[in-house]
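# Examining the three-dimensional arrangement
Residue-level listing of the chains:
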Amino acid sequence: MIEEDIEIAIKVVVVGNGAVGKSSMIQRYCKGIFTKDYKKTIGVDFLERQISIDSKDIRLMLWDTAGQEEFDAITKSYYRGAQACVLAFSTTDRDSFEAIESWKRKVEAEVGSIPMVLVQNKIDLIDDAKMDSEETEKLAKKLHLRFYRTSVKDNVKVDDVFKYLATKYLKLIEKSGEEVGQQIGNNLDMFNAVASTNEKAKSKGNSKGNDEGVIQLDANKRKSQSKKNKGACVLL
Ligand SMILES: Nc1nc2c(ncn2[C@@H]2O[C@H](COP(=O)(O)OP(=O)(O)OP(=O)(O)O)[C@@H](O)[C@H]2O)c(=O)[nH]1
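None of the values given here were measured: they were computed from a predicted structure.

### Digging into helix H1 (residues 22-31)
Within H1, the full set of buried residues consists of Lys22, Met25, Ile26, Arg28, Tyr29 and Cys30. Backbone geometry just downstream of H1 places Gly32 in the positive-phi region, at approximately 70°.

Next up, the structure:
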């Protein structure tokens, strides 16, 4: 089986306070559009985009979670299985900047340590900034996070954010677990074996089957059955 037939799917959650631009960022990245209207996300939304890194097809599943605390109970459950995370705050909202560490903790409480990136959105409104660049860089350093300043409105650096996360995730799985790295390369037979083991586990009522260890591969990597979807965005 050739490498091109294998697709890697990465679940990315985008978190941060309300109105920092999470939905806009995902829409910009997946649909290439920006709208000035603010429509509060209720619970969770989901869009996807396929990209190619080092001739590997990567399907990024972008989960847009509500920023308001009232939805915490719902959104928390959607963090499970996340393999990467965008921590977003807004240039014009001091509270959103100060809430970043708490968002990081919330995600890590559900999924542990995963590739993350810090994003200061609405950089087009820099004249109205509620924090200075020293503070933002200090936070990025403290949290050991790559830091991007984006403008979803002007389409500045949005692609870079997701490309960075995908690249980081790929490196991670290639490095951490030989079995994982080998499978990404060329061992689809092994993948099928894992998949069937997983099916068996599920049929035995092992509901944790998809969340732990190697079995998780089953959810993230599969034969591309829909090359026609390449580059497409799907709203679920
Ligand atoms: N000027 C400017 N406005 C932006 C930018 N990104 C988003 N916005 C605006 O900010 C507002 C909030 O954006 P959303 O994407 O709905 O925010 P959200 O983080 O998804 O909000 P919740 O769903 O409440 O969590 C909207 O009016 C957007 O048009 C940006 O880069 N620059």
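### Brief notes about the packing of aromatic side chains
As enumerated under the stated definition, the model contains five aromatic pairs in all. Residues Trp63 and Tyr78 carry aromatic rings whose centres are separated by 5.5 Å and whose planes lie at 35° to one another, so their mutual orientation is tilted. Placement of Trp63 in strand E3 (residues 56-65) and of Tyr78 in helix H2 (residues 72-79) is noted, with a sequence separation of 15 residues between them. On the basis of relative accessible area, Tyr78 is assigned to the partly exposed category, the value being 32%. Judged by centre distance (5.0 Å) and plane angle (55°), the ring pair of Phe89 and Phe97 falls under tilted. Neither residue differs from the other here; Phe89 and Phe97 are each classed as buried. Put simply, the rings of Phe46, Trp63 and Tyr78 touch in pairs and so form one group of aromatic residues. The ring of Tyr29 has Arg49 sitting right over it, with the charged end atom 4.3 Å from the ring centre.

### Focus: the pairing of strand E6 (residues 146-149)
Sheet topology places strand E5 (residues 116-121) next to E6; four bridges connect them, and they run parallel. Looking at E6, one finds that Val117 is bridged to Arg146. Handedness of the crossover joining E5 and E6 through helix H5 (residues 133-142): right-handed.

### Focus: a positive patch on the surface
A cluster of basic residues, Arg146, Lys168, Lys171 and Lys175, forms a positive patch on the protein surface. Tallying contributions element by element places helix H6 (residues 158-175) first for the positive patch, with three residues. If you trace the backbone, Lys168 turns up in helix H6. Given a relative accessible area of 35%, Lys168 falls into the partly exposed group.

What counts, and where the lines are drawn
- Residues numbered from 1 in each chain as written.
- Predicted model: local features only at pLDDT ≥ 70, side-chain atom pairs only at ≥ 80, totals over all residues.
- Heavy atoms only, no water.
- Buried < 20%, exposed > 50% of the residue type's maximum accessible area, 1.4 Å probe, protein only.
- Helix = DSSP H or I, 4+ residues; strand = E, 2+ residues; numbered from the N terminus.
- Phe/Tyr/Trp six-rings, centres within 6.5 Å; stacked < 30°, edge-to-face > 60°.
- Lys NZ or Arg CZ within 6 Å of the ring centre and 35° of its normal.
- Pairing = 2+ DSSP bridges.
- Right-handed = clockwise from strand over helix to strand, strands pointing away.
- Patch = residues over 30% accessible without salt bridge, like charges linked within 9 Å, V, L, I, M, F, W, Y side chains within 5 Å.
- Areas by Shrake-Rupley, 256 points an atom, 1.4 Å probe, with all protein chains shown as cover.
- Salt bridge = Lys/Arg side-chain N within 4 Å of Asp/Glu carboxyl O.
- Lys, Arg positive; Asp, Glu negative; His and termini not counted.
- Charge placed at Lys NZ, Arg CZ, Asp CG, Glu CD.

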